[in-house]
Amino acid sequence: ARLLYALVLLRLDNLVEAERDLLAVRPLPMPDILRAEIDRYLAQIEQRRKVTRFTASLSLGGHYDTNRDTAPASGRTRAVGIDSDTSKPQDDFAILGIGTIEVHHDLGLQAKHDLFGRVSFLWDEQIQLPQQDLQALFLEAGGTWRDPDVTLIPSLTYSRLRLNRDDYLQAIGAKLRVEHRVDAAAQAFAEAHLQHQD
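Residues numbered from 1 in each chain as written. Predicted model: local features only at pLDDT ≥ 70, side-chain atom pairs only at ≥ 80, totals over all residues. Heavy atoms only, no water.

**Topic: the side chain of Asp124**
Inference 1: Examined against the element boundaries, Asp124 turns out to sit in strand β5 (residues 114–126).
Inference 2: Judged by relative accessible area, Asp124 falls into the buried class, the value being 7%.
Inference 3: Asp124 has contacts with His63, Arg68, Ala94, Ile95, Leu96, Gln132, Asp133 and Leu134, leaving out every residue within four places of it along the chain. (Helix = DSSP H or I, 4+ residues; strand = E, 2+ residues; numbered from the N terminus. Buried < 20%, exposed > 50% of the residue type's maximum accessible area, 1.4 Å probe, protein only. Contact = heavy atoms within 4.5 Å.)

Right, here's the structure in full:
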């Protein structure tokens with residue numbers, strides 16, 4: 001019963017009392033699998049207590065496209081009433097990499113307001129069609145303000161896209177996301193993004 005009570009406290013984000021009850025039941029006689037579960041919850045509490053948390057992910061893979069340059073199957077195009085020959089569709093393999101690094105800093109307030117930063121990148125390297133190579137970098141920094149009725153997430157954004165190793169697009173912007181919990185199963189949100197693109 002005390003273990004179940006500790007789990008309820010943990011779900012309510014009452015970490016101090018949850019830890020106290022977990023530590024109280026841990027030395028009692030119990031199956032090893034249950035003691036391992038308690039240790040997992042204690043580690044979870046320790047992780048959630050950290051003021052600054054980092055996460056990172058990296059995915060590597062590849063893809064094959066039967067018509068990478070999106071040429072028409074007929075080999076002909078029509079523009080302004082004029083027909084012309086185009087290249088036939090070209091297939092190609094590519095190596096793909098996607099990565100993200102995030103940092104969240106808890107401001108130490110009861111409502112769990114925080115600051116965050118995020119860096120994401122995409123690298124798509126074609127084997128035979130270098131003009132289709134794509135590199136993308138996305139940066140975002142902002143904060144989260146939580147209220148019982150609404151959550152506000154303002155942030156500043158920067159993105160840079162390169163095609164065939166040449167700059168294609170740079171964009172600087174500001175974003176605001178508003179979230180509202182409708183009930184236990186549904187959440188509504190709205191997002192506005194203002195951007196200067198070059």
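There is more to say, and it comes next.
**Overview of the sheet that holds strand β1 (residues 52–65)**
Inference 1: Read across the sheet, seven strands follow the order β1-β4-β5-β6-β7-β8-β9 without closing on themselves; strand pairing throughout is antiparallel. A single partner strand is all that each edge strand has here, and the edge strands are β1 and β9 (187–197). Strand-to-strand twist in this sheet, taken as the mean axis angle between neighbours without regard to direction, amounts to 15°.
Inference 2: Taken together, the 13 bridges between strand β4 (residues 92–106) and β5 define a ladder with antiparallel strand orientation. (Pairing = 2+ DSSP bridges. Axes fitted to C-alpha atoms, helices over the stretch in contact; angles between N-to-C directions.)

**Regarding the layout of surface pockets**
Inference 1: Taken as a whole, the largest pocket encloses approximately 200 Å³ of empty space.
Inference 2: When its residues are assigned to classes, the lining of the largest pocket shows one nonpolar, two polar and seven charged. (1 Å grid on protein atoms, 1.4 Å probe; cavity = no way out; pocket = protein on both sides within 12 Å on 5 of 7 lines; lining within 4 Å. Points joined across faces, edges and corners; volume = space filled by probe spheres on them. Nonpolar A, V, L, I, M, F, W, Y, C, P; charged D, E, K, R; others polar.)

**A few points about helix α2 (residues 15–25)**
Inference 1: Within the span of α2, buried status applies to Leu15, Ala18, Asp21, Leu22 and Val25. The buried residues of α2 occupy one face: seen down the axis, they fall within an arc of 135°.
Inference 2: Buried positions along α2 lie against α1 (2–11) and α3 (32–49). (Arc of directions from axis to C-beta.)

**With respect to the confidence of the model for the protein**
Inference 1: Across the protein, pLDDT averages 90, with 100% of residues at or above 70.
Inference 2: Within the protein, strand β7 (residues 151–163) carries the highest mean pLDDT (97), whereas strand β3 (residues 82–85) carries the lowest (79). (pLDDT = per-residue confidence, 0-100.)

**Side note on the pairing of β7**
Inference 1: In the sheet, strand β6 (residues 134–146) pairs with β7 via eleven bridges, with the strands oriented antiparallel. The residue bridging Trp145 from the neighbouring strand is Leu152, located in β7.
Inference 2: Linking β6 to β7, which pair antiparallel, is a turn of four residues.
Inference 3: Direction of pairing for β7 relative to strand β8 (residues 166–181): antiparallel, over a ladder of 13 bridges. Along β8, the bridge assignment pairs Ser159 with Ala171.

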